[in-house]
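Next come the chains, spelled out residue by residue.
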Amino acid sequence: MYRTKTCGELRLANVGEKVTLAGWVQNVHNLGALTFVDLRDRYGITQLAFNEDASDELRQQAGRLGREFVIQATGTVAERYSKNKNLPTGDIEILVSELNILNESLTPPFTIEEESDGGDDIRMKYRYLDLRRPCVRKNLELRHKFAFEVRRYLDQHGFLEIETPVLVNSTPEGARDFVVPSRMNPGQFYALPQSPQTLKQLLMVSGMDRYFQIVKCFRDEDLRADRQPEFTQIDCEMSFVEQEDILQMFEGMSRHLFKTLKGIDIPELPRMTWADAMKYYGSDKPDTRFGMKFVELKNNQPDNASRETVESIFPAGFQVFDEAAYIGAICCEGQAVYTRKQLDQLTDFVKRPQVGAKGLVYARVGEDGSVKSSVDKFYSADVLEVLKEKMNAKPGDLILILCGPDAMKVRVQLSCLRLEMGSRMGLRPKDKYSCLWVIDFPMYEWSDEEQRLMAMHHPFTSPKPEDIPLLDTDPASVRANAYDMVVNGVEVGGIFEILGFTPEQAQQKFGFLMNAFKYGAPPHGGLAYGLDRFVSLFAELDSIRDCIAFPKNNSGRDVMLDAPGPIDQQQLDELRIIVKGS
């Protein structure tokens, strides 16, 4: 046997036992007559001791050890003279009587420790070494437990785990497909699934009743901290259900996961309409750990988020406000102490291309209740007093205002500012969780790129019955039976002739589904959780990459495998693919 115990399980109760451990050398401490080695495996770290009683051969072997050598050590468990209270095994050590070097190691390019000296790029290139770090390993252990508890919950509620194909046809689901050429069918292509949406609906037609799958999905889209070109979904579908049945089932699953894995009892999830989410937070995934709701100071451009106009509280005189269709503001409690330099930094923040605002107007409420603003010369003290009352601002508060010609764009900009202020004010701790359902999404949204209405979630979402008459007259106002679960401002779960398809195109792309529905399709609905996002929230990470074993970087590259990369000309010839410029 390579080992009789792991490096994380020995305690004082084991003193006197003869054991064999195996693992990687974390550190070597050579103190002359004494040598100590920290031995690490997946389960922990145990100190090996080579004292004066050790043979010369054994001491020489210990002297050869370097970081990340793979070794096997046999010895007797003893109580440590100098205990390490930071380690579960810190009360004991192993007095080594036999040492075998199983494999030597080059010096690693970064330290294999909690706080590594390696940057993101070097750690991703040597990801197999990065995974030895306890903090990264714990994320994967959490991911395992998370998936295990998902399966346990769904199994207890009658769901079947059914695999669906990875090579499918291309369907428009909001992002670009990854395509796979078919050698046996020249000029034709498979697509990697963006989700198993149509297939799980077919399973409902098949009478499977309750389906789930922890499944890989693929989207060829621009990346950021919470996106990867390949990601994992907890994909679910149920038959003979209404929206309420689905919300209750998966709210129960979330409650089970929080309680089992985090020890947190989450309350019943509040529900917020998409319109309110956009009106008050500028986001369909609002972070409700803190308030700071938007206040509309002017809106002469009613839309799906706010169907009523709001008269401006500002009289004519300041051209920027006069020409704006929408003026919105947030009140930052106790932040009137912001200096001019800090306010200039906020202005630079909203002007960044990622936010896109033209500028920022601010107003401070003094301790005496008076209001001083960056637009004092345009407005009287009475107007600023109205602003204070409208914002429900108190002495010491800071009011931040954005405006522009497009109400929805300004809301999104104001959302970025709100989140930035929430972070600066310490209102977004990672160990605090605020969950909610966002419901009643619009069925369609306008695409500037495509110059047509497109499904906001996916083309297979049903409209709300009361909005069906609007499909012919005002499709942009139709609400869908669509819903997202949002945790701390992160969407973790949601559902997915007006879309511009001709009957021939619809038959070509979705004929298999449309035909299947002719054979007795039950009422059905479902939800898909983003496993990577959910686990990263539980692990309190800023990015989903550290809860994925082998992630891609922000350019969609796997720097460890050096993928994507070119393929041989012979393969291209077999696939009848001509690469331009080759």
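As the structure is a prediction and not an experimental result, all values here were calculated from the model.

Enquirer: Pulling in residues and values, what's your account of the side chain of Gln-335?
Expert: Its location among the elements puts Gln-335 in the loop between strand 13 (326–332) and helix 9 (340–351). For Gln-335, a relative accessible area of 16% translates into the label buried. Within polar-contact distance, the side chain of Gln-335 engages the backbone oxygen of Glu-333 at 3.2 Å.

Enquirer: Talk me through the sheet that holds strand 22 (residues 524–530); I want residue IDs and the actual numbers.
Expert: Taken in spatial order, the eight strands make up an open sheet running 6-9-10-22-21-20-17-11, and their pairing is mixed. Of all the strands in the sheet, the pair left with one neighbour each is strand 6 (160–161) and strand 11 (271–273). Pairing of strand 11 with strand 17 (residues 435–439), which is carried by three bridges, proceeds in the parallel orientation. Note on strand 17: the bridge partner recorded for Met-272 is Val-438. Sheet contacts for helix 7 (residues 274–281): strand 11 and strand 17; angle to strand 11, the most-contacted strand, approximately 80°.

Enquirer: So what's going on with the sheet that holds strand 5 (residues 92–103)? Residues and values would help.
Expert: The strand order 1-2-3-5-4 describes a closed barrel built from five strands, whose pairing is mixed. Direction aside, the axes of adjacent strands within the sheet are offset by 55° on average. Judged from the six bridges that link them, strand 1 (residues 18–30) and strand 2 (residues 35–41) form a sheet pairing that is antiparallel. By the bridge assignment, Val-28 is partnered in strand 2 with Val-37. Sheet strands in contact with helix 1 (residues 56–64) are strand 2, strand 3 (44–50) and strand 5, and its direction is about 70° off that of strand 5.

Enquirer: An account of the pattern of salt bridges is needed here, citing residue identities and associated values.
Expert: Inspection of the entire model under this criterion finds 37 salt bridges. The residue Lys-200 makes a salt bridge to Asp-235 at a minimum N-O spacing of 3.1 Å. With a gap of 35 residues between them, Lys-200 in helix 5 (residues 197–205) and Asp-235 in strand 10 (residues 230–239) connect regions that are remote in the sequence. When sorted by exposure, Lys-200 lands in the same class as Asp-235, which is buried. The partner of Arg-411 in a salt bridge is Asp-303, and the shortest N-O contact between them spans 2.9 Å. Of this pair, Arg-411 sits in helix 11 (residues 407–424) while Asp-303 sits in the loop between strand 12 (295–299) and helix 8 (319–323); the two residues are 108 residues apart in sequence, bridging distant segments of the chain. Of the residues examined, Asp-303 reaches a relative accessible area of 19% and is grouped as buried. Through salt bridges with shared partners, a single network forms among Asp-120, Arg-123, Arg-127, Asp-130, Arg-133, Arg-545 and Asp-546.

Enquirer: Account for the packing of helix 7 against helix 11, with residues named and values stated.
Expert: The contact between helix 7 and helix 11 brings their axes to 8 Å, and the two run at 65°. If you check the angle between helix 7 and helix 11, you find them roughly perpendicular. Of the residues in helix 11, those touching helix 7 at Trp-274, Met-278, Lys-279 and Tyr-281 are Met-408, Arg-411, Ser-415 and Arg-418. Of the residues assigned to the contact of helix 7 with helix 11, the class counts are four nonpolar, one polar and three charged.

Enquirer: I'd like to hear about the packing of aromatic side chains, residue by residue, with values.
Expert: By the definition in use, this model includes 18 aromatic pairs. Through a chain of ring-to-ring contacts, the aromatic side chains of Phe-146, Phe-159, Phe-250, Phe-258, Tyr-433, Tyr-529, Phe-534 and Phe-538 assemble into a single cluster. It is Lys-293 that lies over the ring of Tyr-280; its NZ or CZ is 5.3 Å from the centre. Directly above the aromatic system of Phe-290 lies the positively charged group of Arg-418, at a separation of 4.0 Å from the ring centroid.

Calculation rules
- Residues numbered from 1 in each chain as written.
- Predicted model: local features only at pLDDT ≥ 70, side-chain atom pairs only at ≥ 80, totals over all residues.
- Heavy atoms only, no water.
- Helix = DSSP H or I, 4+ residues; strand = E, 2+ residues; numbered from the N terminus.
- Buried < 20%, exposed > 50% of the residue type's maximum accessible area, 1.4 Å probe, protein only.
- Polar contact = N/O pair within 3.5 Å; in protein donor to acceptor, adjacent residues only side chain to side chain.
- Pairing = 2+ DSSP bridges.
- Contact = heavy atoms within 4.5 Å.
- Axes fitted to C-alpha atoms, helices over the stretch in contact; angles between N-to-C directions.
- Salt bridge = Lys/Arg side-chain N within 4 Å of Asp/Glu carboxyl O.
- Parallel < 35°, antiparallel > 145°, perpendicular 65-115°, else oblique.
- Nonpolar A, V, L, I, M, F, W, Y, C, P; charged D, E, K, R; others polar.
- Phe/Tyr/Trp six-rings, centres within 6.5 Å; stacked < 30°, edge-to-face > 60°.
- Lys NZ or Arg CZ within 6 Å of the ring centre and 35° of its normal.

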